[in-house]
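One letter stands for each residue in the lines below.
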Amino acid sequence: MEGLFLCDGFTAWVIHSDGTIEDVEKSANRWAASTIVAFWDRVIPTTYANQTVWYYATTAGTTGGSEPTWGATTVTDGTVVWTKLGTYTGAKQYTNRSYSVGDLVQPATESGYFYKVTKAGTTSAEPTWSLVVGSTTIKDGVEFYNMGYYGGFPSPHLPMPCYLDSYVFLVSENTADIYNSYPANPFSWKGLDFISADAFTGPITAFARYNNYLAAFGYENTELFYDAANTTGSPLKRHDSFILQTGTVSPYCIVQSEMMLIWIGTSSLGSKTIWLLDGFDPKDIGTTHINRLLTAETDPLRIKGYGLRIDGHLFLVINLPTANKTILLDIGSTLWYEWSHNGGVFPFNHYADKHQLAIVQHTSGALYNYQKGLYQDTVGGTNYPITMQVTTDKSDFNINARKFIHSLDVIGDLSNTSCLIQWSDDDYQNWNTGYTVSMASRPRIARCGACRRRAHRITHTENAPFRIESLELYLTLGAH
């Protein structure tokens, strides 16, 4: 397939390399009597002269015994209510007429195929249509190219397309059905070309590619599918030896990166955690604190997450709207961090890499890029310093005795910058005013007082690199 495939949950487009945009749905079924219709099913009138508009079902039901009168914005037909979708530019019913290059045609008797005129002319009678996708039918010098199938494009669908072995795959919304396009042809969809993720009950909630597999997530389960090269129906087959009893209710927080797949997992046990699939070995990489934050989110659909690779580090970034936090996992070191923007969620929900340039999309739609060596944000000509703040766990050094802290050394890279060191001796309730230490020479604070247990907070706000490894304390024990 040449071009970029995009979908929005109802329709889809292909953006070609020359910038032209083409609708994926190039044809619609013609109206039929006494037919069961689902929500969003689309039809065109049965006669060529009326096939200038098309309609979609806003109320599901069964069509009437005779075709309704078209033209109004809303049309009642049996128990179905049709709503005008707009101008129809897709394939129209064949008639004897003059054809131009690019015209789209359906046979007078529907066959499920549609055709594009590749050589213009005027016909005197309907040809015998070729039913082979990619073949050409010729009549009176007019050439009709078989474009493929129509009527099978899943709509509505989950806006999570996956591409595998020349197929485009989409999941029909609120179902367990995975539909596929014709090979190397995203404009051709057959209504019976699908497979169901039915090892467990319930619909597919999210869909992602994992190496040469497709991962179908349910609420409490995950199934993998691979291309089995089936000649009829779906090319997919389920990987029966891998069925994971954890799914997701956060479909917009799934990260596909090289050989890994990461998601917020849910199961029948109730709480949420972070799962990482590496090979066929799923690992729970959440922590107690992180899992509590995830479980406390009131609307898991609003959780947004993405992968971000910067300077050799692969990060998992998760925006939590209820907690008003952005949590960050360095996957290589398995260390968790917290990012903030004006005290709230980091306002970026999407990431892309362009020739090793890290690009993120702001919630306003604006695009930004991360630049190595720049430690400030520039907006409208104004430079804003970026603050990094790290809070350590409280520690009693494995004994409840009173400790006298004689000195604190900051172990890290020496550089022409400084940081603020603070501590709390009452479980994060209060912090001292702190001490500013220079990283240009040996950074040390002397006479750090006494405590039974202590947590430290390091804050850095300068347009300069800053990296520390640890805080080293020199202390002696007092009485219990």
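Our structure is the block above this text.
Residues numbered from 1 in each chain as written. Predicted model: local features only at pLDDT ≥ 70, side-chain atom pairs only at ≥ 80, totals over all residues. Heavy atoms only, no water.

(A) Broad picture of the side chain of His16. Structurally, His16 can be placed in the loop between β2 (12-15) and β3 (21-23). Judged by its relative accessible area of 17%, His16 is buried. Among the polar contacts made by the side chain of His16, one reaches the side chain of Glu22 at a distance of 2.6 Å. Setting aside anything within four residues of it in sequence, one finds His16 in contact with Glu2, Gly3 and Glu22. (Helix = DSSP H or I, 4+ residues; strand = E, 2+ residues; numbered from the N terminus. Buried < 20%, exposed > 50% of the residue type's maximum accessible area, 1.4 Å probe, protein only. Polar contact = N/O pair within 3.5 Å; in protein donor to acceptor, adjacent residues only side chain to side chain. Contact = heavy atoms within 4.5 Å.)

(B) The arrangement of the packing of aromatic side chains in detail. Applying the stated criterion across every chain yields a total of 26 aromatic pairs. On the numbers, 5.5 Å between centres and 80 degrees between planes, the contact of Tyr99 with Phe144 is edge-to-face. Taken as a pair, Tyr99 in strand β12 (residues 98-99) and Phe144 in strand β17 (residues 142-149) lie far apart in primary sequence, 45 residues in all. The two residues Tyr99 and Phe144 agree in class, both being buried. The ring of Tyr252 carries Lys304 above its face, with NZ or CZ at 6.0 Å from the centroid. (Phe/Tyr/Trp six-rings, centres within 6.5 Å; stacked < 30°, edge-to-face > 60°. Lys NZ or Arg CZ within 6 Å of the ring centre and 35° of its normal.)

(C) View of the pairing of strand β28 (residues 272-278). Of all the 7 residues making up β28, 6 are buried; the element is thus mostly covered by neighbouring parts of the structure. Pairing geometry for strand β27 (residues 260-266) and β28, over 7 bridges, is antiparallel. In the strand pairing of β28, Met260 is matched with Asp278. Two strands pair when backbone bridges link them, and β28 and strand β29 (residues 281-284) are joined in this way by 4 bridges, in the antiparallel orientation. Along β29, the bridge assignment pairs Leu277 with Pro282. (Pairing = 2+ DSSP bridges.)

(D) Region of the structure containing the side chain of Arg457. By the element assignment, Arg457 lies in strand β45 (residues 455-460). Buried and unpaired, Arg457 has Glu338 as its nearest opposite-charge partner, separated by 9.9 Å. Excluding residues within four positions of it along the chain, Arg457 makes contact with Gln389, Val390, Thr391, Leu420, Ile421, Gln422 and Trp431. (Lys, Arg positive; Asp, Glu negative; His and termini not counted. Salt bridge = Lys/Arg side-chain N within 4 Å of Asp/Glu carboxyl O.)

(E) Local environment of the sheet that holds strand β11 (residues 92-93). Strand order in the open sheet made by the 5 strands is β11-β13-β14-β17-β16, with mixed pairing throughout. A strand with exactly one partner marks an edge of an open sheet, and here the two such strands are β11 and β16 (136-139). Here strand β14 (residues 113-119) pairs with β17 via 6 bridges, running antiparallel. Bridge pairing in β17 places Lys116 opposite Tyr145.

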